[in-house]
Amino acid sequence: AIQQQPSLALIPILSEIILVGLLPIIFSFLNKDKLADYGITTKRLSVSLALAAGIVLLYFAYLSILAKHLTTSIQLPTFQHISLGYAILAVIGLLAYGPLEVFFVVWLIHNTDRIIKSEMKTWSWGLLLTVAIYALLHAFSQGAYSLVIAAIMLAFGLVFKRTHNSIGPMIAFMLINDYAWFLATVLLR
């Protein structure tokens, strides 16, 4: 339906922003959390970026093996008749389904660890429970591919837990999230 009527992309994008981004940000603000609690910091940024780049390369290698030729999840649109509104919505969609989605997962990991008091461990209950629930929720819409998504989020969660920086995973997930690129392609064609 979104391919036939691109303006419908506004529904999932706004839903993602409100449910995945706005609510955790409000809770964090009310709790007086620091951005660094969720890995939004320049400390260990280069390590976070390098580890996340390695995950992206592994994911693209996985896609290439499945396709039997070099490929990525990035599908650039043909840019025929672009409206400014759709261009802005495409950028917002990429940010919502990339950095904002990783922020949500990191937020869940951090707060679950805080509740369970396992914050200092790399392989924490917060990480494992969050990834398991995230995979289960995606299983309803993505089937077996939810296991790939879980593996990606587990890897990004480990990067966050080791570096205490989530910026690398945020950028990386924007690059490998098929749905983000699907929306951008639909909106910018």
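Please refer to the structure placed before this passage.
Owing to the predicted nature of the structure, the values given are computational and were not obtained by experimental measurement. (Residues numbered from 1 in each chain as written. Predicted model: local features only at pLDDT ≥ 70, side-chain atom pairs only at ≥ 80, totals over all residues. Heavy atoms only, no water.)

Student: Can you break down the environment of Asp113 residue by residue, with the values?
Tutor: Examined against the element boundaries, Asp113 turns out to sit in helix α4 (residues 99-116). The class of Asp113 is buried, set by a relative accessible area of 1%. The spatial distance from the C-alpha of Asp113 to the C-alpha of Leu49 is 23 Å, given a sequence separation of 64 residues. Not counting residues up to four positions away in its chain, the partners in contact with Asp113 are Ser118, Glu119, Ser124, Trp125, Gly126, Leu127 and Lys161. Side-chain polar atoms of Asp113 contact the side chain of Ser124, separated by 2.8 Å. (Helix = DSSP H or I, 4+ residues; strand = E, 2+ residues; numbered from the N terminus. Buried < 20%, exposed > 50% of the residue type's maximum accessible area, 1.4 Å probe, protein only. Contact = heavy atoms within 4.5 Å. Polar contact = N/O pair within 3.5 Å; in protein donor to acceptor, adjacent residues only side chain to side chain.)

Student: Describe helix α6 (residues 145-163), with residues and values.
Tutor: The terminal C-alpha atoms of α6 lie 27 Å apart, and with 19 residues this matches the ideal 27 Å at 1.5 Å per residue to within 8%. Looking one or two places after α6, you find His164, whose phi comes out positive at around 60°. (Expected span 1.5 Å × (residues − 1).)

Student: Outline the nonpolar core, listing residues and values.
Tutor: Formed by 32 residues in total, the largest nonpolar core has its most connected members in Tyr59, Ile152, Met153, Phe156, Phe173 and Ile176. Of all elements in the fold, only α2 (45-67), α4, α5 (125-142), α6 and α7 (167-176) reach the threshold of two or more residues within this core. Counting residues in each nonpolar core, the second largest holds 17 residues, with Ile2, Leu94, Ala184 and Leu187 among its members. (Core = buried A, V, L, I, M, F, W, Y, C linked by side-chain atoms within 4.5 Å.)

Student: Go over the side chain of Ser28 with me, naming the residues and quoting the values.
Tutor: Mapped onto the elements of the fold, Ser28 is located in helix α1 (residues 10-30). For Ser28, a relative accessible area of 7% gives the class buried. Reaching out from Ser28, the side chain makes a polar contact with the side chain of Tyr38 at a distance of 3.4 Å. Ser28 has contacts with Asp33, Tyr38 and Trp107, leaving out every residue within four places of it along the chain.

From the geometry alone we can't say anything about function, so treat these as descriptive.
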